[in-house]
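Chain by chain, the residues:
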Amino acid sequence: MHKFNKKVGKSKPAISTASLPDIVFMLLFFFMVVTKMRDTELKVSINTPSASELTKLEKKTLVNFIYIGRPTKKYEKEFGTKPRIQLGDKFATTDDIPLFLEKHKVTVPEAQRPSIISSLKVDSDVTMGIVGDVKTALRKAGQVKVNYSAKKRERTK
Amino acid sequence: MAKKSSKDRMNNEINAGSMADIAFLLLIFFLVTTTIAEDKGVLVKLPPWSDEPPPPLKLNSRNVYSVLVNSSNQLLVRGEPMPINKLKENTKIFIMNPNKLENMSESPTEALISIKNDRGTSYKTYLEVYNELKAAYNELWDEASQKKFGKNFEDLNKDQREQITSAIPLVISEAEATAFGEEK
């Protein structure tokens with residue numbers, strides 16, 4: 001019984017906060033590693049459709065992004081409400097695609113160039129007309145690996 | 001007097017208590033700017049472009065599974081309308097032809113899927129169709145690899161995968177879109 005009584009009289013030790021910075025730094029490094037800075041401002045609104053057969057894009061440096069969607073509210077006045085293509089941070093047409101691909105290509109080491117993937121981020125409301133045009137432009141430019149960006153969903157039964 | 005105070009200073013340690021605050025500040029900054037990117041998607045290999053029209057292929061029509069998607073997002077599969085949720089099952093049956101029917105593919109290696117869409121087809125439907133067709137192949141690969149190696153297709157090594165995919169090759173061809181129902 002008197003085993004428990006021992007506690008009485010002992011002063012309360014303060015919890016050491018010395019390791020708190022370490023814990024916080026650990027979290028910090030985690031977020032620093034997983035963060036991908038948003039380097040382009042989206043000028044078109046994009047809500048990607050969902051699909052089940054997804055492939056992850058592994059190497060970010062080997063990927064170039066092409067956005068297709070309707071201009072956001074801010075740009076509606078200037079660019080209308082028809083679906084538009086965005087390359088990098090500006091609006092573009094299909095004629096700008098070869099130069100855009102070439103600009104990205106030179107940043108990639110020669111040995112890895114065949115594995116460059118174009119990621120198409122397309123809004124689900126867009127019709128295939130503009131997407132088909134982009135596909136044709138990509139094929140003409142010799143960029144045949146394409147990834148249709150989509151959200152994850154379960155396979156239908 | 002002066003000597004004493006300098007000695008005092010030497011004994012002082014840098015207060016590390018604010019380190020946590022600084023780290024928190026950085027942490028919150030990264031928390032806010034982080035967008036865990038959803039960089040996933042349906043991987044597709046487009047056919048390379050050639051200016052000459054491709055030579056007409058002599059294909060036995062029983063081996064071709066044509067999927068047409070019109071501008072009101074309806075499917076026409078081998079001349080028959082079909083709801084999209086039946087597409088995967090029917091594609092699987094077509095490829096494997098378990099009952100050896102006359103009008104379905106002679107063998108999985110001969111089977112060819114052809115998609116054609118209008119310019120007015122919505123991207124969502126198009127991707128869904130593509131996804132279903134890919135799902136059909138993925139399920140067939142899974143079944144084949146379970147039978148052969150007792151593992152899922154994903155867990156196979158490169159050689160084993162090749163064995164499976166050469167037995168059931170994925171061939172999806174896409175025709176030029178027809179100019180119909182263009183966006184206004």
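Residues numbered from 1 in each chain as written. Chains lettered and ligands numbered in written order. Predicted model: local features only at pLDDT ≥ 70, side-chain atom pairs only at ≥ 80, totals over all residues. Heavy atoms only, no water.

For chain B, mean pLDDT is 81; residues scoring 70 or higher make up 89% of the total. No element of chain B has a lower mean pLDDT than helix 1 (residues 2-11) of chain B, at 54, and none a higher one than helix 4 (residues 123-149) of chain B, at 90. (pLDDT = per-residue confidence, 0-100. Helix = DSSP H or I, 4+ residues; strand = E, 2+ residues; numbered from the N terminus.)

Think of an α-helix as 3.6 residues a turn; residues three or four steps apart then line up on the same face. All names here are of chain A. With 13 residues, helix 5 (residues 128-140) extends 18 Å from end C-alpha to end C-alpha; this agrees with the ideal 18 Å at 1.5 Å per step. Among the 13 residues of helix 5, 10 are classified as buried, and the element is accordingly described as predominantly covered. Of all the residues in helix 5, the buried ones are Met128, Gly129, Ile130, Val131, Val134, Lys135, Thr136, Ala137, Leu138 and Arg139. A positive phi of about 80° marks Gly142, the residue just after helix 5. (Expected span 1.5 Å × (residues − 1). Buried < 20%, exposed > 50% of the residue type's maximum accessible area, 1.4 Å probe, protein only.)

As a further point, take the packing of helix 4 of chain B against helix 5 (residues 158-167) of chain B. Residue and element names in this part refer to chain B. As a packed pair, helix 4 and helix 5 sit with axes 10 Å apart at the nearest point and diverge in direction by 120°. Relative to helix 5, helix 4 is oriented oblique. As helix 4 runs across helix 5, the sense of the crossing is right-handed. Contacts from Trp141, Ala144, Ser145, Lys148 and Phe149 in helix 4 reach Gln160, Gln163, Ile164 and Thr165 in helix 5. Here the contact of helix 4 with helix 5 is built from residues that sort into four nonpolar, four polar and one charged. (Axes fitted to C-alpha atoms, helices over the stretch in contact; angles between N-to-C directions. Parallel < 35°, antiparallel > 145°, perpendicular 65-115°, else oblique. Left-handed = near helix turned anticlockwise from the far one by under 90°. Contact = heavy atoms within 4.5 Å. Nonpolar A, V, L, I, M, F, W, Y, C, P; charged D, E, K, R; others polar.)

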